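What follows is the residue order along each chain.
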Amino acid sequence: MSEIAKFVNHGAAAITPAVAEKVLRHLPQWKLEFTQINAPKFPHLVDQLEFLTDVVEDATEGAYKDLPYVALAQAVFALVYAHQKMGIIPNGIPEMDGTDNSSVVRAVLIQNEKAFEVFARAQGVDWQGITSQP
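Numbering of residues starts from 1 in every chain and runs along the sequence as written. Whole-chain, interface and lining totals are the exception, using all residues; otherwise, since this is a predicted model, local features are given only for residues with pLDDT of at least 70 and side-chain atom pairs are given and counted only at 80 or more. Here the side-chain values reflect all heavy atoms present in the structure, with hydrogen atoms and water set aside.

A.B. asks: Please explain helix 1 (residues 3–12) as it appears in this structure.
C.D. replies: For an α-helix the count is 3.6 residues per turn, leaving residues at separations of three or four pointing the same way. Relative accessible area decides the class of each residue, using a 1.4 Å probe on protein chains only: under 20% of the type maximum gives buried, over 50% gives exposed, and in between gives partly exposed. Starting at the N terminus, helices and strands are each numbered in turn, a helix being any DSSP run of H or I of at least four residues and a strand any DSSP run of E of at least two. Listing the buried residues of helix 1 in full gives Ala5, Val8, Gly11 and Ala12. An end-on view of helix 1 places all buried positions within 130° of arc, on one side of the element. Structural note: helix 1 exposes Glu3 and His10 on the side pointing more than 90 degrees away from its buried face. A contact between two residues is defined here by any heavy atoms of the two lying within 4.5 Å. At its buried positions, helix 1 is contacted by helix 4 (69–83) and helix 5 (99–111). Along the arc lie the directions from the helix axis toward the C-beta atoms.

A.B. asks: Explain the pattern of salt bridges here, please?
C.D. replies: Side chains bearing opposite charge may pair, as long as their charged atoms lie close to each other. We define a salt bridge as a contact between a side-chain nitrogen of Lys or Arg and a carboxyl oxygen of Asp or Glu at a distance within 4 Å. Under the definition given, this model contains three salt bridges. The partner of Lys31 in a salt bridge is Asp54, and the shortest N-O contact between them spans 3.1 Å. Note that Lys31 is positioned in helix 2 (residues 17–35) and Asp54 in helix 3 (residues 45–61), a separation of 23 residues in sequence. Note on Lys31: relative accessible area 26%, which makes it partly exposed. Lys31 is the salt-bridge partner of Glu57, the closest N and O atoms lying 3.3 Å from each other. Taken together, the residues Glu57 in helix 3 and Lys31 in helix 2 connect sequence positions 26 residues apart.

A.B. asks: Where do I start with the nonpolar core in this structure?
C.D. replies: Within soluble globular proteins, side chains that are nonpolar tend to cluster in buried spots. By convention a nonpolar core is built from buried Ala, Val, Leu, Ile, Met, Phe, Trp, Tyr and Cys residues, the set being connected through side-chain atoms within 4.5 Å. In terms of nonpolar packing, the biggest core is built from 41 residues, with Phe51, Leu52, Leu67, Leu79, Leu109 and Phe116 touching the most fellow members. Top element by residues in this core is helix 4. It accounts for 10 residues. Here Leu79 is in contact with Leu27, Trp30, Phe34, Leu49, Leu52, Thr53 and Val56, once residues within four sequence places are set aside.

A.B. asks: When you look at helix 5 in this model, what are you seeing that I'm missing?
C.D. replies: Multiply 1.5 Å by the residue count of a helix minus one, and that product is the helix's expected span. Counted at 1.5 Å a residue, the expected span for helix 5 with its 13 residues is 18 Å, and the 18 Å between its end C-alpha atoms agrees. Turning to helix 5, its buried residues number three or more, namely Asp100, Asn101, Ser102, Ser103, Val104, Val105, Ala107, Val108 and Leu109. Where helix 5 is buried, its residues touch helix 1, helix 3, helix 4, helix 6 (113–123) and helix 7 (127–130).

A.B. asks: Could you clarify how one ought to interpret the packing of aromatic side chains in this entry?
C.D. replies: The relation between two aromatic rings is expressed through the spacing of the ring centres and the mutual angle of the planes. Stacked, edge-to-face and tilted are the three classes for Phe, Tyr and Trp ring pairs, Trp counted by its six-membered ring, which pair at centre distances within 6.5 Å; planes under 30 degrees apart are stacked, over 60 edge-to-face, the rest tilted. Applying the stated rule across the entire model yields seven aromatic pairs. A centroid spacing of 5.7 Å and a plane angle of 75° characterise the contact between Phe51 and Phe119, whose relative ring orientation is edge-to-face. Of this pair, Phe51 sits in helix 3 while Phe119 sits in helix 6, and the two are 68 residues apart along the sequence. Both residues of the pair, Phe51 and Phe119, count as buried. Aromatic pair Phe77 and Tyr81: ring centres 6.3 Å apart, planes at 35°, arrangement tilted. Taken as a pair, Phe77 and Tyr81 lie in helix 4 at a separation of four residues, close to a single helical turn. Considered together, Phe77 and Tyr81 belong to a single accessibility category, that of buried residues. Members of the aromatic cluster, each reached through a chain of ring pairs, are Phe51, Tyr64, Phe116, Phe119 and Trp127.

Have a look at this one:
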């Protein structure tokens, strides 16, 4: 297991339903924030974050009940991580912008690929357009 996957799993272990509900209230603002991400080396990142916000919204609101809780917790963790201004690699280093966010998001997508693919299919979302690619 990669170090990033271990980092995600450790962070996701602290995500409770109460944390997910608190994050849910911030998601409309965060969605707008995520659209402003400028990370040309990671062209899928904004779409991946938007996908994860949809996952968290639908699962937390009860509109989608088939998502394993570990997938929800990891998605919440990835969104919280991407929202933070400080991360493993601080923002503002142009050649590195988006690297850590992309790594965290991809670790979540890869670890939960089957569950997210089922969610995408149920929502009419093209999973191949989201992918686990950078």
